[in-house]
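Chain residues, written in single-letter form:
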Amino acid sequence: MTEPVLAVERLARSFGALKATDDVSLDLRAGEIHALIGPNGAGKSTLIKLVSGALAPDAGRVRFLGRDVSGLDVVERSRMGLGRTFQVSSLIPEFSALANVLLAIQARSGSSFRFFRPAMSERDRVERARGFLAEVGLSERAGVMTAELSHGERRLLEVAVALALEPKALLLDEPMAGMGPEGSRQLTRFLDGLRVRAPILLVEHDMDAVFALADRVSVLVYGRVIATGTVEEIRRDPEVREAYLGEHGP
Amino acid sequence: MARVIPEPALNAVLALALVAIPVWASLSGEVFTVTLATRVAIYALAGVGLNLALGFGGLVSFGHAAFFGLGGYAVGILAHHAQTYAPLAEWPFTIPGTQAMPVTWAVAMAASGIAALGIGALSLRTSGVYFIMITLAFAQMIYYFAISWPAYGGEDGLSIYVRGSFPGLNTLDPLQFFLIAWVLLMLALILSALVRRSRFGLALSAVRQNETRAEAVGIRPFRIRLVAFVISGMITGLAGALFADLARFVSPSMLAWSMSGEIMVFVIIGGVGRLFGPVAGAAIFVVFEHVFGGLTEHWQFLLGLTLLLIVLFARGGVIGLLAGRERHD
């Protein structure tokens, strides 16, 4: 078996007495969507931060593309091709949608230390940025200031920015959060096609989306992974039903 | 919405008014007005420097007097050696003093750039109010150093007997000296306008607005900010060099914290982050000082009141009042 794209090995992180991440191991293989579910406060966001490098673990390792990246920070992991979206949209509010994507392209392929030529006049880059916006269906909103986009549009822009990094793996932190049912369905279809470009570690509360998309699911409760398996296995797992799915119904 | 003037048109009017008034004054023999306009241009240049850090980068530096003063002292010290025919250094080779402006400007910008690199590298590890205080602390260190260093005048400062020279120009003619300052101001404004729209400007603005996002796409905020801080310090240092030649005198007061405050006032009154903000702000400052300063020694009360009103009710400063909200790419 080939090595997984991303592997989390026995990761742990506490805040005081609270074990937010408790001996977590999981991996992300090429071509798959691996969903991470769990009740509020289960430690999903902490785990995403540990994987992206925003938070340092107390113990354990993160391997990405066959390399131990535990000592690398957010910027270095991003440059290696670890793209992410944020649970609460985190974009550049006073930039247009296009400029947000352009910034990612600039960071990915080339230097930010160019002082004279207007960034918006670099045709090939701007065209590529428009391409990513078109993929998520935001072509017509390219020139709109990000602060003026609707909530759903900002969620899509987050995804476009992550794609512009030409990621080798994606961490999507609740991409559907706050989207209407139609928006969720659209994004679900889009993510479905995305897994072949980059495997996705998907944190999501929308169970319809998770069961439609995930190749594998890991269930996180009180910082621990209590089960990992296919959607069917997870649905049947009695411990999972008790801890989590029972509250929602399958 | 109130009727607004397009910002490029407003900028052009400001640039032309700033050159038209002293030319007219010079023709009608009002030399003092030319000197006032020169101060506006030099203060504006200092503000253009700060605006790059403060306006574009969100770096509230309360220590830009350090760069203004270092630029001034570079000119003063070089002139001092030129006047006394004592070389600046004799080993490993003889470095004489000089009063050639292109050389003194280069030295002033190099000195303030190096200082900005050092101060920035340490201060930029903090943010918010700590950054303000650390930049202030560094400027104060340099201020007290200047006061306690007798070789170059200490508290009394250094006199420059004859203004520095520029090839082909008579710098002693107030209008010609003004034009030098005005051209440098315009060049700095063009540079600012270019930098702001460049890839670097995009990154700097991104880092100011959302550091987390910038890091997530792989941009290291520290490096971007440090480069911006150095460019900012160099421009303010150049303004200090011109100021020394205008006053034909440098003293620790150029390094004082009140000077940092004044440069910040130019930027805030004119409009933080607006290209011509420092020009408008410096003009208002100098006019207030001249007009109200002649009536009462408490003219700064009026300036403070204006500043207060702008901070409370007109965040875009004077440029924001006239040209409305900024347009973005």
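Draft legend 1. Expanded view of the overall build of chain B. Summing up its helical and strand segments, chain B has 13 helices and 2 strands in all. Rg of the C-alpha trace for chain B: 20 Å, near the compact-globule value of 20 Å for 329 residues, within the 12% margin. Reported as C-alpha extents along the three principal axes, the dimensions of chain B are approximately 60 × 50 × 40 Å. Buried positions account for 53% of the 329 residues belonging to chain B. Residue pairs in contact within chain B that sit at least 24 positions apart in sequence constitute 74% of those at least 6 positions apart.

Draft legend 2. Looking closely at the sheet that holds strand β7 (residues 169-173) of chain A. All names here are of chain A. Strand order in this open sheet of 6 strands is β6-β7-β8-β3-β9-β10, and the pairing throughout is mixed. In this open sheet, the two edge strands, each paired with only one partner strand, are β6 (82-85) and β10 (224-229). Within this sheet the neighbouring strands show an average axis-to-axis angle of 15°, counted without direction. Sheet topology note: the strand β3 (residues 33-37)/strand β8 (residues 200-203) ladder contains 4 bridges and is parallel. Residue pairing across strands places L36 opposite V203, the latter belonging to β8.

Draft legend 3. Geometry of the pairing of strand β2 (residues 18-28) of chain A. Residues and elements named next belong to chain A. Relative to β2, strand β1 (residues 6-15) is paired through 7 bridges, and the arrangement is antiparallel. When the sheet's bridge partners are listed, A7 is paired in β2 with D27. Between the antiparallel neighbours β1 and β2 lie 2 residues, among them G16 with a positive phi of about 65°.

Draft legend 4. How the structure looks around the pairing of β8 of chain A. All names here are of chain A. Every second residue of β8 is oriented toward a common face, with I200 and L202 on one face and L201 and V203 on the other, all of them buried. Across 4 bridges, β7 lies against β8 in parallel orientation. Within the sheet, the bridge partner assigned to L171 lies in β8 and is L201. Between the parallel pair β7 and β8, the chain is carried across by helix α6 (residues 181-194), and the sense of this crossover is right-handed.

Draft legend 5. Examining helix α5 (residues 128-147) of chain B more closely. All names here are of chain B. If you check α5, its first and last C-alpha atoms are 29 Å apart, about what 20 residues at 1.5 Å a residue would give, namely 28 Å. For α5, the complete set of buried residues consists of F131, T135, F138, A139, I142, Y143 and A146. The buried residues of α5 all sit within an arc of 140° when viewed along its axis, so they share a single face. Structural note: α5 exposes V129, Y130 and Y144 on the side pointing more than 90 degrees away from its buried face. Looking at the buried side of α5, the elements it contacts are α3 (65-84), α4 (101-123) and α10 (257-270).

Draft legend 6. Just the interface of chain B and chain A, in detail. The partner chain A presents 31 residues to the 23 residues of chain B that form the contact. It is helix α7 (residues 199-209) of chain B that provides the largest number of residues to the side of chain B that touches chain A, a total of 6 residues. Split by residue class, the side of chain B that touches chain A holds 11 nonpolar, 6 polar and 6 charged.

Draft legend 7. Focus on the confidence of the model for chain B. Residues and elements named next belong to chain B. Chain-level statistics for chain B give a pLDDT mean of 94 and a share of 98% at 70 or above. Ranking the elements of chain B by mean pLDDT puts helix α12 (residues 299-313) last with 92 and helix α9 (residues 221-247) first with 98. What the predictor reports for the complex is a pTM of 0.93 with an ipTM of 0.89.

The rules we used
Residues numbered from 1 in each chain as written. Chains lettered and ligands numbered in written order. Predicted model: local features only at pLDDT ≥ 70, side-chain atom pairs only at ≥ 80, totals over all residues. Helix = DSSP H or I, 4+ residues; strand = E, 2+ residues; numbered from the N terminus. Rg over C-alpha atoms; globule rule 2.2 N^0.38 Å. Buried ≥ 20, exposed ≤ 12 C-beta atoms within 10 Å, placed from the backbone. Contact = placed C-beta atoms within 7 Å. Pairing = 2+ DSSP bridges. Axes fitted to C-alpha atoms, helices over the stretch in contact; angles between N-to-C directions. Right-handed = clockwise from strand over helix to strand, strands pointing away. Expected span 1.5 Å × (residues − 1). Arc of directions from axis to C-beta. Nonpolar A, V, L, I, M, F, W, Y, C, P; charged D, E, K, R; others polar. pLDDT = per-residue confidence, 0-100.

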